[in-house]
Amino acid sequence: MLSFSGQAQNSLYQKEENALYRKGLELLDKSNYTAAREVFEEYIEQSDNDIKKANAEYYIAFCALNLYNPDGEKLISDFIQENEHNPRASSAYYDLGNFYFSQGSHKKAIEYLSKVKLSDLSLKERDETRFKLGYSHFARQEFDDALRYFNAIKNGDNPYSAASSYYAGFVEYEKGDYNEAVTDLRRAEKNDSYKAVVPGMIAKVYYKQKKYEELIQYSSKVLASSNVSQTDFYLLTADAYFNLEKYDKASEFYDKYTDKLRNPPIDVRYRIGYANYRLGNNEVAITNLKQSASEKDSIGIYSSYYLGILYLKEGNKLYALTAFDNTRKNQINKQLREEGAYQYGKVNYDLERSEEAIHAFEDFIQTYPNSKHYDEVNDLLSASYLNSNNYNLAIDHIEKMNFMNESLKKVYQKATFFKGAELFNQGDYPQAVSYFEKSLRYPLNQEFKAQANLWMAEAYSVGQKYEEAIPYYRAIINDSYGKNSQYGLKARYGLGYAYYNTKKYNEALQQFSAYVNVLENSTDKQYYDDALLRVADCYYVSKRYKDALTYYQRAVRYNKADNDYAHLQAGIVMGLMDNVEGAKEEYDYVIKNYPQSRYYDDAMFEKGQLSFQKGQYKEAVQDFTNLIAKKPSSPLVPYAYMRRASSNYNLQEYDKSIDDYETILEKYVSHSVAKEVLLPLQDVLNMQSRASEFDKYLALYKRANPETKGLENVEYETARNQYFNQGYKRAIELFSEYVKNYPDNANAVEAKYYIAESYYRLNDYETALQVYNKLLSDGEFNQMSRVVDRVAEIEYKSGRYENAVYFYYKLVATANTKKEQYYGWAGLMESYYNMGEYDSTRHYANVILERGNVNISSQNKASLYLGKAAYAKGDIETAKDEFINTLNTAKDGNGAEAQYLLAKIFYETKNYQQSIESLIDLNQNFTAYQVWVGKSFLLLADNYIALKDYFQAKGTLNSIIDNFPLESVKDQAREKLKKVKELDAEEKSKSTEQADSLTIDMKDVDNQ
């Protein structure tokens, strides 16, 4: 600011001194604006000197401005207008502009400083004014105007030349005038105030000019000093080497940069990753590219692509899949989109994710018909169909095609076989047969030809269509490949049963004997023990009792699950060979050692029957009494009553005999034995002079077994037809009407069973349960085990596990077949598991493994539950072992669950990589089981989250949301994705918030 007292000295001291005026100037020099204003206002009131009064008015306005009085600017403006020719008018603009400049009000500073007559100012004041005008324009980003003022003073010898050179250089840099920028910045660099900041600007200019060698030389010199930010120059030097494709030097300086700055910006992450990618430093490259990969911009897309390539090099195909999926979806770069789509399909193919590969390849062919990869993708698409587990997709595609070359025939043969096998495992045998027939249309692959024949035969056998099964078994045995393959032995076993069940025992004997002979010295006995029994049975039916006994005893020595049956049959054969004592020993062995056996009541009955046949009537009575008492629900009880009655008759215990006959006619009047007892009952009643009583029993029998069956049978068959045609509602109506009209008919009990079954199939479980329970309480139905099975199943489905346990126990006790026995054990195993009684779960799982070899699925489920029980008890190592045991044989839903639980254990024990690998196996091997596949994808994302690999987690969850068929899984994925995005954003916020402003030219994919 000018010295106001100095300017006024001549006028003050040449003339009569005005003390008041001088006092105001002195206060003004001391910046005491309030007091000065008051003094000058007082002076104006007293003075007659117009010149001094005008000056005083200016000083008042100046004081008001510096006091931020609202009238300050107006007072100066008024002064200028009213005193246009006063020298203070020009000075007023200068003071006003300086004031606003000091306040940072650049617009007003420009407004007033631009009105100053520079010729009225000193040289120093002119330079200052030009600089302030230049800086004010610069601050308002009016660069052309700013440059004009900076250029006017940057070359001069003035206090503002260095600053003007710096700002001029900056403006020229922004405008792209790089040569001028370097000249000006070099000049500014000579000033100590700018030595620390100018080098960075000069380096950036070199970078913009692509003068990378000059930049490196300059940076080397600058880094030798300690006045600059080393971090910035390490980055600039690294980027220069990067663009010169000297990736080893670039990596060296990027390392120095990251030593100073731990979380570099995303674009720098990309360059670090790419440089290390080119150097083969895959781990470092992956670490950085993971941070920069995204779907938002070109950096993110290129990062995703190279990340995918790196993961392929590392053999990590699942991670590569996510990266290429991100690349193929980008809307920024078409070339990368195509390349990403190609790689995405290939990786899916390599991972044996055939359905995804098929969709990817089909989409690629449609989207990029002119691609250089077109022919290769077509070949891979055909191969994907061959490997597809979505057999419907492959079959439909091929059946719609207009031609069938050799390759497609092979695909069709395999796909239709596997579809048939899938349906077979689901219990849909008729549909399975139709697909096996399709597979056999093109018997190109001998192994699949043998398998299709075998499974076709098995499907017919399960449906008890043995005659239809026989040709398919024989097709394997008669084929040069088939008979010597693993399927040949299985075919002999199945063929043996087909002949056995059609009562062709000689043919059955031939097949079972051949089967036994092959396995005699084998370590893998397969169904050797069962085949021994069937050989014995064939000899038994053929009345070759000595041979039969030999094989029953061999079966006993082999000591496997069906020893109870072998002992029973050995007893029967011994009885037929008149070895009574030996026979009874065998029966007693079963009775003593197998109280839960389904042959327990047979042994008791056969023992009584043998005693009866040998005239040992007292022993017979005792044996039959034991059976009736210990197994009251056994289907043999009516026969036991009849034989005991006959025994008592022979012992002349006629009243006891009558009592047993009466019991049969009262409790089992619809049973076939009821008719047999009528004559002996009549006879014994006559002997006891009670002949008149016979009429009531005869009437009772007739009511239950009416001779006029025509209309009743028509009505009954009509109801049955409705049931078997799945018209369950109508079946309920017809059966209910039948029971109402013919309550004593022999079919009435079975009609009630069909009513219950109809409710069951309509999913009306509680109503079905009422009817089943009534059948149980009445005890009249001759297939009671089926009723018990249904009741147990309904109780289990309803979550009433204690009730289910009771009925599953009952099912085991009343089972007529091995399959029913297995259902009972399996029900107990699962019920106890749901009740949290894991020791009991384990017990029944072991029972199934030892004795319940109904099919491979039964063994798989038992093994799975051993693992689940151990897992629930916290015995992790045992659980893992059991899940692995399950996986060794299970390719069904049990295997899928075992694989998932194994992966879950790895996740919970923080073995994330093992968990990921286990989940990859699940997705490759169990694609048909969508529930477990969905769970596996969600757990896969959890593993990535735990590893803080948010890129993979987001990719996995987005894939679920875009492609997975189950909406419940998609909903869970959406929730997880929100969480992952929050975590990812939080992680990235730790990085340097502002990236450098350099623009890096991306490399074309084809040039890499």
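Please read these numbers as outputs of a predicted model, since none were measured by experiment. (Residues numbered from 1 in each chain as written. Predicted model: local features only at pLDDT ≥ 70, side-chain atom pairs only at ≥ 80, totals over all residues. Heavy atoms only, no water.)

Q: Quick question: what am I supposed to make of the overall build of the protein here?
A: Scanning the protein from N- to C-terminus turns up 57 helices and zero strands. Against the 2.2 N^0.38 benchmark of 30 Å for 1008 residues, the protein shows a C-alpha radius of gyration of 50 Å, more extended than a compact globule. Taking the principal axes of the C-alpha coordinates as reference, the protein spans close to 175 × 70 × 50 Å. In the protein, which comprises 1008 residues, the share counted as buried stands at 51%. (Helix = DSSP H or I, 4+ residues; strand = E, 2+ residues; numbered from the N terminus. Rg over C-alpha atoms; globule rule 2.2 N^0.38 Å. Buried < 20%, exposed > 50% of the residue type's maximum accessible area, 1.4 Å probe, protein only.)

Q: Looking at this structure, I do not really get helix α46 (residues 765–778). What am I missing?
A: Side chains that are three or four residues apart share a direction in an α-helix, a result of its 3.6 residues per turn. A rise of 1.5 Å per residue sets the reference length of α46, with its 14 residues, at 20 Å; its end C-alpha atoms lie 20 Å apart and thus fit the reference within 8%. Within α46, burial applies to A768, L769, V771, Y772, L775 and L776. Of the surrounding elements, those touching the buried residues of α46 are α45 (748–761), α47 (784–797) and α48 (801–814). (Expected span 1.5 Å × (residues − 1). Contact = heavy atoms within 4.5 Å.)

Q: Please explain the nonpolar core as it appears in this structure.
A: Most often, soluble globular proteins have nonpolar side chains that are buried together. Formed by 115 residues in total, the largest nonpolar core has its most connected members in Y254 and F883. Residue contacts for F883: discarding those within four places in its chain leaves L864, G867, K868, Y871, A898, L901, L902 and I905. I365, L454, A457 and Y505 belong to the second-largest nonpolar core, a separate cluster that totals 84 residues. (Core = buried A, V, L, I, M, F, W, Y, C linked by side-chain atoms within 4.5 Å.)

Q: It is not clear to me how empty space enclosed by the protein should be interpreted in this structure. Could you clarify?
A: Remark: the empty space left among the atoms is shown by a probe the size of a water molecule rolled over them. The full count for this structure, using the stated rule, is four cavities of 30 Å³ or more. If you add up the space inside the largest cavity, you get close to 130 Å³. Those elements giving two or more residues to the lining of the largest cavity turn out to be α20 (317–328), α55 (930–946) and α56 (950–963). Surrounding the second largest cavity, A561, D562, D564, R598, Y599, K818, Q821, W825 and R851 form its lining. No other element matches the three residues that helix α49 (residues 818–834) contributes to the lining of the second largest cavity. Residue composition of the lining of the second largest cavity, grouped by class: three nonpolar, one polar and five charged. (1 Å grid on protein atoms, 1.4 Å probe; cavity = no way out; pocket = protein on both sides within 12 Å on 5 of 7 lines; lining within 4 Å. Points joined across faces, edges and corners; volume = space filled by probe spheres on them. Nonpolar A, V, L, I, M, F, W, Y, C, P; charged D, E, K, R; others polar.)

Q: When you look at the environment of Y589 in this model, what are you seeing that I'm missing?
A: Relative to the elements of secondary structure, Y589 occurs in helix α35 (residues 580–593). Y589 sits 288 residues away from I301 along the chain, and the two C-alpha atoms are 77 Å apart. Apart from the residues lying within four places of it in its own chain, the contact partners of Y589 are H567 and Y594.

Q: Looking at this model, I keep getting lost on the packing of aromatic side chains. Mind explaining?
A: In this description, an aromatic ring pair is defined by two values, namely the gap between the centres and the angle between the planes. Inspection of the entire model under this criterion finds 93 aromatic pairs. Plain terms: the ring middles of Y166 and Y167 are 5.3 Å apart, the flat faces sit at 75 degrees to each other, and that makes the pair edge-to-face. Grouping residues by exposure puts Y166 and Y167 together as buried. For the ring pair F364 and Y368, a centre distance of 5.0 Å and an interplane angle of 50 degrees mean the geometry is tilted. With relative accessibility at 1%, the residue F364 sits in the buried group. On the basis of relative accessibility, which here comes to 10%, the residue Y368 falls in the buried class. Here the aromatic cluster, defined as three or more aromatic residues joined through ring pairs, consists of F101, F131, Y135, F138, F143, F150, Y160, Y166, Y167, F170 and Y194. For the cation-ring pair, K525 lies above Y528, with the distance from its terminal atom to the ring centre recorded as 4.6 Å. (Phe/Tyr/Trp six-rings, centres within 6.5 Å; stacked < 30°, edge-to-face > 60°. Lys NZ or Arg CZ within 6 Å of the ring centre and 35° of its normal.)

Q: Is there a simple way to explain the pattern of salt bridges in this structure?
A: Counted under the stated rule, the structure contains 59 salt bridges. The shortest N-O distance in the salt bridge between K256 and E252 comes to 3.8 Å. With a gap of four residues between them, K256 and E252 both fall in helix α16 (residues 247–260), about one helical turn apart. K256 gets classed as partly exposed once you look at its relative accessible area, which sits at 32%. Between K329 and D962 there is a salt bridge whose closest N-O contact spans 2.9 Å. Taken as a pair, K329 in the loop between α20 and α21 (334–350) and D962 in helix α56 lie far apart in primary sequence, 633 residues in all. (Salt bridge = Lys/Arg side-chain N within 4 Å of Asp/Glu carboxyl O.)

Q: Is there a simple way to explain the side chain of E793 in this structure?
A: Tracing the backbone through its elements, the reader meets E793 in helix α47. The contacts of E793, once residues within four sequence positions are left out, are Y760 and Y808.

Q: Please explain the UniProt feature "repeat: TPR" (unreviewed entry) in the protein as it appears in this structure.
A: When the UniProt feature table is mapped onto this chain, "repeat: TPR" (unreviewed entry) is found at residues 90–123, 489–522, 529–562, 601–634 and 749–782. Along residues 489–522, the helical share is 82% and the strand share 0%, with 13 Å between the first and last C-alpha atoms. This span, residues 601–634, is 79% helix and 0% strand, and a straight line between its end C-alpha atoms measures 7 Å. (UniProt positions renumbered as here; feature names shortened; annotations may be inferred.)

Q: Which parts of the structure should I look at to understand the environment of D562?
A: Relative to the helices and strands, D562 resides in the loop between α33 (545–558) and α34 (563–576). Note on D562: relative accessible area 15%, which makes it buried. With 227 residues separating them along the chain, D562 and D789 place their C-alpha atoms 22 Å apart. Residue contacts for D562: discarding those within four places in its chain leaves D530, L533 and K818.

Q: Help me understand the layout of surface pockets, please; the structure alone is not making it clear to me.
A: In this structure, the second largest pocket occupies an estimated 1,300 Å³ of space. Y668, G779, E780, F781 and N782 are the residues nearest the centre of the second largest pocket, which is lined by 49 residues in total. The element that contributes the greatest number of residues to the lining of the second largest pocket is α45, accounting for four residues. For the lining of the second largest pocket, the residue count by class is 21 nonpolar, 14 polar and 14 charged.

Q: Honestly, the confidence of the model for the protein in this entry has me stumped. Any pointers?
A: When pLDDT is averaged along the protein, the result is 87, and 94% of the positions lie at 70 or above. pLDDT under 50 marks residues 1–17. Its contacts with residues more than four places away, or in other chains, come to 28 contacts. Counted against residues more than four places away or in other chains, residues 992–1008, with its pLDDT under 50, gives 45 contacts. (pLDDT = per-residue confidence, 0-100.)

Q: What exactly am I supposed to notice about the packing of helix α37 (residues 617–630) against helix α38 (residues 637–650) here?
A: For any two helices packed against each other, the geometry is given by the interaxial angle and the distance between the axes. Between α37 and α38, the least distance of the axes is 9 Å, while the angle of their chain directions is 155 degrees. With respect to each other, α37 and α38 are oriented roughly antiparallel. Where α37 crosses over α38, the handedness of that crossing is left-handed. Here α37 contributes Y617, A620, V621, F624, T625, L627 and I628 to the contact with α38, which in turn contributes V637, A640, Y641, R643, R644, S647, N648 and N650. (Axes fitted to C-alpha atoms, helices over the stretch in contact; angles between N-to-C directions. Parallel < 35°, antiparallel > 145°, perpendicular 65-115°, else oblique. Left-handed = near helix turned anticlockwise from the far one by under 90°.)

Q: How should I be thinking about the side chain of S597 in this particular structure?
A: Tracing the sequence through the fold places S597 in the loop between α35 and α36 (600–613). Within the structure, S597 has its side chain in polar contact with the side chain of D564 (distance 2.6 Å). (Polar contact = N/O pair within 3.5 Å; in protein donor to acceptor, adjacent residues only side chain to side chain.)

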